[in-house]
Amino acid sequence: KMTSNENLITKDNAWETGKGMPFSILTQCLEEIEGISARLEIQQKCCTMFRKLITLCPADLVTTIYLCINAVAPSYECIELGIGDSILQKALVEAAGTTNAAMKAKLKDMGDLGLVAQAVKSKVRTLGFGAKPKPLVVSDVLASYRKVASISGTKSQSVKVGEIKKILNRANGIDSKFIVRGLQGKLRIGLAKSSVLVALAHAFVLTKSAAVQEAEEKLELTEEQIKEYPEASQTLLNPKTPIGERLEAAVIIVKKAYSECSNVDQICDAALVHPLHDLHLHCKLEPGRPVEPMLAKPTKSVQEVLKRLEGQRFTCEYKYDGERVQVHLCPDGSVRCFSRNLLDTTDKFPEAPEFVKEACADTNVTSFVLDAEIVAFDSAKQMLVPFQVLSTRKREMEKGEEAKVKVIVQAFDLMYLNGESLLLKSLSDRRDLLKKHFKVVEDKFRFAVSIDAQEDGDTAAIEEFLDAAIKGQCEGLMVKTLDTNAIYEPTKRSLNWLKLKKDYLEGMGDSVDLVPLGAYFGQGKRTGTYGAYLLGCYDTESEELQSVCKCGTGFSDENLKLLMEGLEDAIEETKPKGYVVASTLEPDVWFKPCQVWEVKAADLSTSSTHKGALGKVAEGRGIGLRFPRFERLRPDKKVEQATSSEQILDMYYNQDSVKDFIQNEGGDD
Ligand code: ATP
């Protein structure tokens, strides 16, 4: 429902100070969100707060967004909070004038340091100790978080305690709860980044800054000019578009801008000054900032590939088994590398930037963004080496030794070149430019091996190529459209990129990436470790984690130990918010969502206990995995990048047994 700017302003006196948004307004909103599970309601609450900010304090909009998503900088800056509990406890003891023993007792009783902070700080206030502190505004809090995150060196612990104490001294009970949780790096209120982006997009439609209103009033576009705009922008430019469709178009625009620039500062700066239909012009892919990578859909046979790509020219590339890397040459000459989840990995494989620079040394490139896979490589045998070997490389580098595991860069796409985005060019054109400006460098840089095929592609030739890929230590093939529907679509799990993995030609078509939700204590040989884990997929709609299997196989003894240690800090006393788990499956310990594991399974079936894609196949039933097997950790994936319930549903329906059943029954029940 539309509300005018004026209504929003007059309601809240606290905003009239002109000194920035009081932190208490944000914490009140977070407190309310904590008690809500309906995603739309959560988005609405955020949206109202963002609208007020656009009108009253636009400078604090981005600050508030960072605090909502519990970040201090874009993810590629790799600045993490995650302050340890001992530092927080010390600061809290000093700020609340209590004792260590009293604090420990309270923590034992309440089990959550945030709640303890709220309790002890509320007391300080009620008793009226000390001079009245200057009220906190959101920019104070973010500045303090940033300072704490940047403190390093020998005395860092006591300096951090001092800084945290300073901010806690000015905070009331509820503020303190969220400051402590924010510094721990876990807000735990179920406010995912995607919800924040939706709320932001809605806010930009419903409330416009003065600059945007002025720009829109002056707008004079001909019909021809409007046709040049992307579809969602055209929807906004049409004055007759109903509000519901405007909101949907805005979400598409904001999410697309984010997938290209992965930076909320940039989005807010642009959208506070320029009309939303122009956002794509101001939030573009730029070297130095990672772009969300394009993803592929799984398939199970060459026939399925041919059927899906009917009528289109496509290419089959080896699917390398290594680590995805996005290599950026910035206009200042520096080269930076980013991982699949947009973290800066330039120092992880220090030779990779050098290899790529060598590959384009003969051409006059000034900037680029290249998509590639870093693969372990045995130069003596001229063979690629499996991923397991690449993953041992990290430990060697930590010791600072000369790396024994050598790597090679296998390039497969080019998204930006010499100041120009190539995202809207076809793969065929992007690949031509890649091959024109880069050259093979022995043992260092190569292009993905590929064969091109027509719509009437020869099944036998593709199967032979798949065999050759597997023999060459690859996982299978990536099949990509070349000319039509062949642009680079950031974030998108596109039907224009299909993956075909040999191991899964039968069964599910792909492994899945799941989040450990909890664990069961082991018995017999496994006493002292966990015997099995409860794993879940991520439902992007509801932002919940739905249990899909209990997994007790595929773990070596060493793995069991390492996984248990790795999850030690993630243990939660009670079931975290947003977990959809049947009471009959309740584990011995719960974990906060923090890891992603790759799991293979025999197949998927509907289940009365598991909750994957709940209610989508049959009422009250979910989808579960049968005979799941742990494969490996996926440190390159965030929880939100785990297999989604939509993918689980796709995989379920894609099984031959299910397809046959549906055909015979003539329905999908
Ligand atoms: P998903 O989220 O799709 O499950 P994933 O990270 O688990 O992705 P895969 O399912 O194995 O990975 O498939 C996509 C990955 O394959 C890419 O992220 C990339 O790292 C890798 N890859 C290897 N060779 C290629 C290639 N030729 N083209 C594109 N990606 C490739």
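Residues numbered from 1 in each chain as written. Predicted model: local features only at pLDDT ≥ 70, side-chain atom pairs only at ≥ 80, totals over all residues. Heavy atoms only, no water.

*Asks:* Help me get a handle on the site of the ligand, residues and values and all.
*Replies:* Around the ligand, the structure places 19 residues, and the nearest of them are Lys-319, Arg-340, Glu-373, Arg-493 and Lys-499. The contact in question runs from a nitrogen atom of the ligand to an N or O atom on the backbone of Tyr-320, over 3.0 Å. At 2.7 Å, a side-chain N or O of Arg-634 approaches an oxygen atom of the ligand. Isolated, the ligand exposes 600 Å² of accessible area, and the fraction of that covered by the protein chains is 94%. At the level of elements, strand S2 (314–319), strand S11 (476–481) and strand S12 (493–501) are the ones that each hand at least two residues to the shell around the ligand. (Near = heavy atom within 4 Å. Polar contact = N/O pair within 3.5 Å; in protein donor to acceptor, adjacent residues only side chain to side chain. Areas by Shrake-Rupley, 256 points an atom, 1.4 Å probe, with all protein chains shown as cover. Helix = DSSP H or I, 4+ residues; strand = E, 2+ residues; numbered from the N terminus.)

*Asks:* Explain the confidence of the model for the protein residue by residue, including any values.
*Replies:* Residues with a pLDDT of 70 or more make up 91% of the protein, whose mean pLDDT is 88. Here the predicted complex scores 0.78 on pTM and 0.96 on ipTM. (pLDDT = per-residue confidence, 0-100.)

*Asks:* Before we move on, can you summarise the packing of aromatic side chains with the specific residues and values?
*Replies:* Enumeration over the complete set of coordinates arrives at 19 aromatic pairs. Centre to centre, the rings of Tyr-533 and Trp-597 are 4.7 Å apart; their planes meet at 75°, and the pair counts as edge-to-face. Of this pair, Tyr-533 sits in strand S14 (residues 530–539) while Trp-597 sits in strand S19 (residues 597–600); the two residues are 64 residues apart in sequence, bridging distant segments of the chain. The burial state of Tyr-533 is the same as that of Trp-597; both residues are buried. Members of the aromatic cluster, each reached through a chain of ring pairs, are Phe-521, Tyr-530, Tyr-533, Phe-555, Phe-591, Trp-597 and Phe-630. Its guanidinium or amino end placed over the ring of Tyr-66, Arg-146 lies 5.4 Å from that ring's centre, counting from NZ or CZ. The residue whose ring lies beneath Lys-480 is Trp-497, and the NZ or CZ to ring-centre distance is 4.0 Å. (Phe/Tyr/Trp six-rings, centres within 6.5 Å; stacked < 30°, edge-to-face > 60°. Buried < 20%, exposed > 50% of the residue type's maximum accessible area, 1.4 Å probe, protein only. Lys NZ or Arg CZ within 6 Å of the ring centre and 35° of its normal.)

*Asks:* Requested: an account of the nonpolar core, with residues and values cited.
*Replies:* Membership of the largest hydrophobic core comes to 86 residues, with the highest contact counts inside it found for Phe-50, Leu-61, Ile-179, Leu-276 and Leu-279. For this core, the leading source of residues is helix H11 (residues 193–206), giving 10 residues. Apart from the residues lying within four places of it in its own chain, the contact partners of Leu-276 are Ala-201, Phe-204, Val-205, Leu-236, Ala-250, Ile-253, Val-254 and Ala-271. The next biggest cluster of nonpolar side chains, apart from the first, holds 35 residues, and it includes Val-305, Tyr-320, Ile-408 and Leu-466. (Core = buried A, V, L, I, M, F, W, Y, C linked by side-chain atoms within 4.5 Å. Contact = heavy atoms within 4.5 Å.)

*Asks:* I'd like to hear about the sheet that holds S2, residue by residue, with values.
*Replies:* With respect to topology, five strands assemble into an open sheet ordered S1-S12-S11-S2-S10, the strand pairing being mixed. With partners counted over all chains shown, the strands left at the sheet margins are strand S1 (295–299) and strand S10 (450–453), one partner each. Looking at each pair of strands side by side, their axes are set apart by 30° on average, direction ignored. Sheet topology places S2 next to S11; six bridges connect them, and they run antiparallel. By the bridge assignment for S11, Cys-316 is matched with Val-479. (Pairing = 2+ DSSP bridges. Axes fitted to C-alpha atoms, helices over the stretch in contact; angles between N-to-C directions.)

*Asks:* Run through the packing of helix H3 (residues 39–56) against helix H4 (residues 61–68), naming residues and quoting values.
*Replies:* It is the contact of H3 with H4, at a shortest axis distance of 9 Å, that shows an interaxial angle of 155°. Our classification of the angle between H3 and H4 gives roughly antiparallel. Taking contact as the criterion, the partners of Met-49, Phe-50, Leu-53 and Ile-54 in H3 are, on H4, Leu-61, Thr-64, Ile-65 and Cys-68. Looking at the contact of H3 with H4, its residues break down into seven nonpolar, one polar and no charged. (Parallel < 35°, antiparallel > 145°, perpendicular 65-115°, else oblique. Nonpolar A, V, L, I, M, F, W, Y, C, P; charged D, E, K, R; others polar.)

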